[in-house]
Amino acid sequence: MSERRRPVIVTCTRGAETALAEELGTILPFPGDANFQVQRGAVQFSGTREDAYRVCLWSRLGSRVLVQMVSFDCRDADELYDGVRDLAWKEHFGVRESFAVTFVGTSEEIRNSKFGALVAKDAIVDRIRGRGEDRPSVDLKTPDVRVHVRLAREVASVSIDLSGVPLHRRGEGGRVQGPAPLKENLAATLIWQTGWLKRAAEGVPLVDPMCGSGTLLTEAAAMALDRAPGLGRHRWGFTGWRPHHPETWDRLVEEAKDRAAAAADRTVAVYGSDIHPEAMDATLKNATAQDLTLRLACRDFFEATPPADVEAGVLVTNPPYGERLGDEDEMPALYARIGDHLKRSWPGWDAWVLAGSPLLAKRFGLKPSKKLEIHNGPLDCRFVHLAIGEAANGTDGPGWRKAPLD
Ligand SMILES: C[S@@+](CC[C@H](N)C(=O)[O-])C[C@H]1O[C@@H](n2cnc3c(N)ncnc32)[C@H](O)[C@@H]1O
């Protein structure tokens, strides 16, 4: 890729596209040149290999970083085979490397992605091996090079996946998980949307009172401390890719280490609590593994008030959404209680809550000043901003309700 510009496609959670484009603008050295295009579940820009490395190292909101090598009209398997075979694959890897093909999308003729992946794989193998030569091996789990083919509206685009495993896997070890953890890139998207990062340096606190294994908290603290999420990883999709330029990558890693060291003394006011002691254990383990200091307590949200001695700040949380069988019926009442408790006990706070469905988002009974559509896996969630004004008077009913309960 040298310093030539190519389309770089960064995938993300659906609903996170605009926030991702904003984040990419802070990662790239010349964002004005990048020409961001927001797509469904992705942001595309025009960038160099170094730009793509920067995104791998720094993006918390992205999932995969795909560098597009070619795109062509593709109506059937023959056109797919020819288009993929046309690429000079030996510039990317040879018979000694392993590879895998991820195929996304279908057409009238190519109706299943397994078939598409098979055709693309055969085309690559046929192009790389000469007469009587060995063939590169396919390794679906840990390939040296991961090829990504996307077919949409009869156009195929063929990319190299520089992320390898998705970017939400921050380190090699993995996290201790609770019953329904958020993916790290979704948690980072939520933190980004609250706007807290711009206020963190002023000491504005961030609280998650139903923190589970603490994903929102660790992402928030790491972002405020200018930690590049990619510093915890050693294996990337470009490690076995022939055009990889280790000197450029190593320089970016050193820069990232310098930035983290320069920000290490920042005081970051991040608080977490949960009703379950196991959740607090998991949060503490996850924070310690990342060398982050959080202020943690085990308690029931409905018996808790904001941390003492702090000005009102940002509360961000994702309450249970009825993930356990039989729990769904209790959710509307739980969400109404959350709205009531926020109104009574968290005056002046900016509350951001990820509701498990559009209907549940209405049960808070408070009029949201912002409502964002976000997909958490298959769940069509709403991330609502409830600007809590004055405290509600009295305890005998939600007389402040602005939104109907049905
Ligand atoms: C969907 S999970 C949060 C997952 C978390 N964001 C993560 O990434 O691990 C919801 C959490 O709310 C907690 N919870 C439920 N009721 C609570 C209450 N009354 N007070 C505090 N925490 C509560 C549960 O223990 C659970 O950990």
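As shown above, the structure is provided for reference.
Only a predicted model underlies this, so the values are computations on that prediction, with no experimental measurement involved. (Residues numbered from 1 in each chain as written. Predicted model: local features only at pLDDT ≥ 70, side-chain atom pairs only at ≥ 80, totals over all residues. Heavy atoms only, no water.)

Asker: I'd like a rundown of the nonpolar core, residues and numbers included.
Answerer: If you look at soluble globular proteins, the nonpolar side chains tend to sit buried side by side. Judged by nonpolar contacts, the single largest core of 90 residues is most densely connected at Leu80, Trp89, Val147 and Trp196. A domain-level breakdown of this core finds at least three residues from each of domain 1 (6–161) and domain 2 (184–226 + 250–387). The contacts of leucine 80, once residues within four sequence positions are left out, are Phe72, Cys74, Phe103, Ile110, Gly116, Val119, Ala120, Val149 and Ala156. Core analysis: the next-biggest nonpolar cluster, separate from the first, contains 24 residues, Tyr335, Ile338, Trp346 and Val353 among them. (Core = buried A, V, L, I, M, F, W, Y, C linked by side-chain atoms within 4.5 Å. Buried < 20%, exposed > 50% of the residue type's maximum accessible area, 1.4 Å probe, protein only. Domains from an automatic or database assignment. Contact = heavy atoms within 4.5 Å.)

Asker: Break down the side chain of asparagine 376 for me, with residues and values.
Answerer: Mapped onto the elements, asparagine 376 comes out in strand E14 (residues 370–376). Ignoring sequence-local partners within four residues, the contact set of asparagine 376 consists of Leu182, Leu186, Tyr321, Leu354 and Cys381. (Helix = DSSP H or I, 4+ residues; strand = E, 2+ residues; numbered from the N terminus.)

Asker: Tell me about empty space enclosed by the protein, residues and numbers included.
Answerer: Inspection of the entire model under this criterion finds three cavities of 30 Å³ or more. Space inside the largest cavity adds up to approximately 50 Å³. In this structure, the largest cavity is lined by Arg5, Leu28, Pro29, Phe30, Ala34, Phe45, Ser46 and Asp51. (1 Å grid on protein atoms, 1.4 Å probe; cavity = no way out; pocket = protein on both sides within 12 Å on 5 of 7 lines; lining within 4 Å. Points joined across faces, edges and corners; volume = space filled by probe spheres on them.)

Asker: For the packing of aromatic side chains, give the residues involved together with the corresponding values.
Answerer: Taken as a whole and judged by the stated rule, the model has 13 aromatic pairs. Note on phenylalanine 36 and phenylalanine 45: the rings are 5.9 Å apart at their centroids and 65° apart in plane angle, and the pair reads as edge-to-face. Classification of phenylalanine 36 by relative accessible area gives partly exposed; the value is 27%. Their ring planes at 50° and their centres at 4.8 Å tell us that tyrosine 53 and phenylalanine 238 sit as a pair that is tilted. Taken together, the residues tyrosine 53 in helix H3 (residues 49–58) and phenylalanine 238 in the loop between helix H8 (215–224) and helix H9 (246–263) connect sequence positions 185 residues apart. There is no split in this pair, since tyrosine 53 and phenylalanine 238 are both buried. Put simply, the rings of Tyr53, Trp236, Phe238 and Trp249 touch in pairs and so form one group of aromatic residues. The ring of tryptophan 236 carries arginine 233 above its face, with NZ or CZ at 4.1 Å from the centroid. (Phe/Tyr/Trp six-rings, centres within 6.5 Å; stacked < 30°, edge-to-face > 60°. Lys NZ or Arg CZ within 6 Å of the ring centre and 35° of its normal.)

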